[in-house]
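What follows is the residue order along each chain.
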Amino acid sequence: MIRSPMYLRPGNLYKDFDVMRYKVEKVSGFPKESYVNTGRKVKGVLAEASSNQSEQVKHRFDQSQHSLTHTLVADGRSGVRKGDHLVHGERGFLVLVVDDASSLGISDIIYLEERNDIK
């Protein structure tokens with residue numbers, strides 16, 4: 001019997017995300033909050049975070065207390081920071097934490113919360 005070492009569905013391959021940065025402007029004397037496209041893209045593999053107890057410790061979040069929904073393993077140093085918004089098609093994700101997994105800039109693990117209210 002021939003066994004494949006892993007099974008990759010076509011939808012689970014690398015995806016490009018647009019990086020949006022939070023900005024506050026003064027318009028007519030009042031603050032206007034918005035997300036502005038930085039023109040940069042992040043390429044990575046998106047995975048849904050599980051609510052399994054061992055996975056909670058692995059992702060450094062207790063999901064009963066935090067809103068972690070997805071993780072993104074980015075190729076290379078991503079340059080995103082906490083509070084940025086990543087957009088892929090119609091889906092949007094708020095960056096909770098960015099972790100340089102190897103401390104060498106080889107890849108970043110980005111912890112995300114999927115949001116429908118931020119455009």
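Residues numbered from 1 in each chain as written. Predicted model: local features only at pLDDT ≥ 70, side-chain atom pairs only at ≥ 80, totals over all residues. Heavy atoms only, no water.

Participant: Is there a simple way to think about the sheet that holds strand 3 (residues 70-75) in this case?
Facilitator: Where strands meet in a sheet, backbone hydrogen bonds hold them as pairs that are either parallel or antiparallel. A barrel is described by the order of its strands in space; here six strands give the closed sequence 1-2-3-6-5-4, paired in antiparallel fashion. Put simply, the sheet's adjacent strands are angled 45° from each other on average, direction ignored. Inspection of the sheet shows strand 3 paired to strand 6 (residues 107-115) by six bridges, in the antiparallel sense. Across the sheet, Thr-71 pairs through a bridge with Tyr-111, a residue of strand 6. (Pairing = 2+ DSSP bridges. Helix = DSSP H or I, 4+ residues; strand = E, 2+ residues; numbered from the N terminus. Axes fitted to C-alpha atoms, helices over the stretch in contact; angles between N-to-C directions.)

Participant: Would you mind going over the nonpolar core with me for this structure?
Facilitator: Nonpolar side chains in soluble globular proteins generally cluster together in the buried interior. Counting residues in hydrophobic clusters, the biggest one holds 12 residues: Phe-17, Val-19, Val-42, Leu-46, Leu-72, Ala-74, Val-80, Leu-86, Phe-93, Val-95, Ile-110 and Leu-112. Not counting the four nearest positions on each side in its chain, Leu-112 is found in contact with Leu-46, Ser-67, Leu-68, Thr-69, His-70, Leu-72, Leu-86, Phe-93, Leu-94, Val-95 and Leu-96. (Core = buried A, V, L, I, M, F, W, Y, C linked by side-chain atoms within 4.5 Å. Buried < 20%, exposed > 50% of the residue type's maximum accessible area, 1.4 Å probe, protein only. Contact = heavy atoms within 4.5 Å.)

Participant: Teacher, can you tell me more about the pairing of strand 5 (residues 91-100) here?
Facilitator: For a regular strand, the rule is simple: side chains alternate between the two faces of the sheet. One ladder, built from four bridges, connects strand 4 (residues 85-88) with strand 5; its direction is antiparallel. The partner of His-85 across the bridge, within strand 5, is Leu-94. Bridge count for strand 5 against strand 6 is eight bridges, and the pairing is antiparallel. Among the inter-strand pairings, Asp-99 is bridged to a residue of strand 6, identified as Ile-109. Between strand 5 and strand 6, which pair antiparallel one after the other, the connecting turn spans six residues, and Ser-103 there sits at a positive phi close to 60°.

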